Amino acid sequence: MHDIKLIRDNPEAFDQGLALRGLEPQSASLLELDANRREALTKHQDAETERNALSKQIGKAKATGDEDEFNRLRGEVDRLKTVLEEAGQQARHFEETLNQHLAAIPNLPEHDVPAGADEADNEEVRGWGTPREFSFKPKDHVDLGEGLGLMDFEKAAEISGARFVALKGGLARLERALAHFMLDLHTGEHGYTEVSPPLMVRDEAMFGTSQLPKFAEDLFRTTDHRWLIPTAEVPLTNLARDAIHEEANLPMRFTAHTPCFRAEAGSAGRDTRGMIRMHQFNKVEMVSIVPAEQSADELDRMTGAAERVLQLLELPYRVMLLCSGDMGFAAKRTYDLEVWLPSQGTYREISSCSNCGDFQARRMNARYRKAGEKRPQFLHTLNGSGVATGRALLAVMENHQNDDGSITIPDVLRPYMGGAERI
C-alpha cells in the first residue's frame, strides 16, 4: 500500500516508478481524490468547530431567557448537522475510493532494479554448480516417477482433476525428507522459528500480503468465505499485523512447511506435464520482519539460506535479479533461484526471495518503535521459498537419475530416508 503523503510530496518519482512497471501515470488522479477528501474533511472540521461555538451560545441564550436568540441558534445548529452529515459522507466516499485505487497499485521497484518487461530482461547475478553430463539420454521426472510406479497423475486426475499428483512409496518419503531437511536447516543454521500456521485465512490476511483484491481469481475460497493459502507467506507475515513491536524483539524470522493452493487461472496451456505447475503443492516458506534499515541485508541473507538448500542437494542453479516488469505485485526487489532441469536443458524457478519494504506492513498496520523514540514506524517484510518441495523433488529426481531409471538419494537426505541410497 502506498503512502499518499509520499505521492503528494513527489508525484514525479511515483509516476516514474509506475512507468518501470509498465503502468501509466496515476499521481494526478490520486492527488485529485486526495484533495477532494481533504476538502471534505476541512469542511467537516469547520462545521464541527462552528457547531461547538454555537452550542456555548445556546447555553447563554437559554440562561438569559432570550427565546428568539435561542431558536435562531438552534436553527443554525440543525443546518450544521446537515453540513456535517454531507461532508462526512463525502470524506468517506473519497477516502474509500482513494484506498481502492491505492490497493490496486503494485510496489515501486528499487532504483537499481533493471528496467524490463518480462523474464527476458532479468539479469543473472551468479551461478553455482555445473550441469551434469549424462552418458545416456536423461528422462524427465514424469517418466522416472511413473517408471518406478511411484508417481500417479492419472488416478489423481480421476480423483481431483488436472494438475494434481499422487506420490507413493519412496517418492512420497523423499518429498517428506526434503521438507524435514529444509526445516532443520533453516531453524538450526539460519535462525528461523518454525511455525505451524492456519491453512485458511480471512480477507484481511490476504489483503495484508497483497493477494487481494487483485489476485482473487488465482485463489481458492471455502464456502464460509475463507481462503486457502497460496503460500505460507500469508499467515506467517500476518503474525505481525495490527501491533507495535519493540525494536529489541526484531528481527522476527519464521519458517513453515505447508500445502499451498493456487487456481493458476492465468496459466492455461503452460507446464501441463508433470509437477512444475500444480493446484496443490508443498513448500517450505521463509518470512522475515525487520526494521527498515535492515531489509536490504536481510534479502541477501534470505537468498543465501535458499541457496544453501540447493547446494547441499547438489543441484546446479543460478540467481536472477528480476527486472521491474517481472517482479511480484508487493515486491520492490526480487531474486529468483532457478534450478537446472536436464530434461528441459534449461533453468526453472525453484525459489523467489523478495523485499517488500513497508508495502505489506502498511496494509497490515504492522509497526515497530525504535529504542528511545515515541513515534512508531512501519516494519519491512520479506518472504522467500526455502524451497518448494515439489520442484526440489523433481530436480533431485532428474539431476540424480541413473541409466536404469533409479534415483540416487543425495547424501544430506539419507538420514531422513532410513539410510537408503537409492530409490
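Here the structure is a predicted model, which means the values were calculated and not measured. (Residues numbered from 1 in each chain as written. Predicted model: local features only at pLDDT ≥ 70, side-chain atom pairs only at ≥ 80, totals over all residues. Heavy atoms only, no water.)

This part takes up the packing of aromatic side chains. A ring pair, where both rings are aromatic, is described by two values, the distance of the centres and the angle of the planes. Inspection of every chain in the model, using the stated rule, returns five aromatic pairs. Taking 5.4 Å as the distance between ring centres and 75° as the angle between the ring planes, the aromatic pair formed by Phe134 and Phe136 counts as edge-to-face. The class for Phe134 is buried, based on a relative accessible area of 18%. Plain terms: the ring middles of Phe215 and Phe329 are 5.6 Å apart, the flat faces sit at 85° to each other, and that makes the pair edge-to-face. Here the residue Phe215 occupies a position in the loop between helix H8 (203–208) and strand E6 (227–228), and Phe329 occupies one in the loop between strand E10 (317–321) and strand E11 (333–341), the gap between them amounting to 114 residues. Relative accessible area serves as the criterion here: at 9%, Phe329 is assigned to the buried category. Sitting above the plane of the Phe207 ring, Arg363 keeps its charged end 4.1 Å from the centroid. (Phe/Tyr/Trp six-rings, centres within 6.5 Å; stacked < 30°, edge-to-face > 60°. Buried < 20%, exposed > 50% of the residue type's maximum accessible area, 1.4 Å probe, protein only. Helix = DSSP H or I, 4+ residues; strand = E, 2+ residues; numbered from the N terminus. Lys NZ or Arg CZ within 6 Å of the ring centre and 35° of its normal.)

Attention now goes to the pattern of salt bridges. Evaluation of the coordinates by the stated rule reveals 27 salt bridges. A salt bridge links Asp34 to Arg8; its shortest N-O distance comes to 2.9 Å. Placement of the pair is Asp34 in helix H3 (residues 27–64) and Arg8 in helix H1 (residues 4–9), with a sequence separation of 26 residues. A salt bridge links Arg277 to Glu264; the shortest N-O distance between them is 3.6 Å. Taken together, the residues span a long stretch of sequence, with Arg277 in the loop between strand E8 (252–261) and strand E9 (280–290) and Glu264 in the loop between E8 and E9 at a distance of 13 residues. We classify Arg277 as buried; its relative accessible area is 13%. (Salt bridge = Lys/Arg side-chain N within 4 Å of Asp/Glu carboxyl O.)

The next point concerns the layout of surface pockets. Looking at the second largest pocket, its volume works out to about 530 Å³. Those elements giving two or more residues to the lining of the second largest pocket turn out to be H1, helix H4 (67–103) and strand E14 (377–378). When residues of the lining of the second largest pocket are assigned to their parent elements, the largest contribution, four residues, is made by H4. Here the residues of the lining of the second largest pocket are counted per class, giving six nonpolar, four polar and eight charged. (1 Å grid on protein atoms, 1.4 Å probe; cavity = no way out; pocket = protein on both sides within 12 Å on 5 of 7 lines; lining within 4 Å. Points joined across faces, edges and corners; volume = space filled by probe spheres on them. Nonpolar A, V, L, I, M, F, W, Y, C, P; charged D, E, K, R; others polar.)

It is worth spelling out the sheet that holds E9 at this point. Strand order in this open sheet of eight strands is E1-E10-E11-E12-E15-E9-E8-E4, and the pairing throughout is mixed. Both outer strands of the open sheet, strand E1 (123–128) and strand E4 (193–194), are each paired with one neighbouring strand and no more. Taken strand by strand, helix H10 (residues 295–312) contacts E1, E8, E9, E10, E11, strand E12 (346–355) and strand E15 (380–388), and its axis lies near 5° from that of E15. Packed on one face of the sheet, helix H12 (residues 389–399) meets E8, E9, E11, E12 and E15 and runs near 40° to E15. (Pairing = 2+ DSSP bridges. Contact = heavy atoms within 4.5 Å. Axes fitted to C-alpha atoms, helices over the stretch in contact; angles between N-to-C directions.)

Where helix H7 (residues 169–188) contacts H12, the two axes come as close as 9 Å, and the packing angle between them is 115°. For the crossing formed where H7 meets H12, the hand is right-handed. Here H7 contributes Leu171, Leu174, Glu175, Leu178, Ala179 and Met182 to the contact with H12, which in turn contributes Thr389, Gly390, Ala392, Leu393, Val396 and Met397. Here the residues of the contact of H7 with H12 are counted per class, giving nine nonpolar, two polar and one charged. (Left-handed = near helix turned anticlockwise from the far one by under 90°.)

A separate point is the side chain of Ser288. Considering the arrangement of structural elements, one finds Ser288 in strand E9. Of note is the side chain of Ser288, whose polar atom sits 2.7 Å from the side chain of Glu298. Residue contacts for Ser288: discarding those within four places in its chain leaves Tyr192, Met252, Arg253, Glu298, Met302, His380, Thr381 and Leu382. (Polar contact = N/O pair within 3.5 Å; in protein donor to acceptor, adjacent residues only side chain to side chain.)

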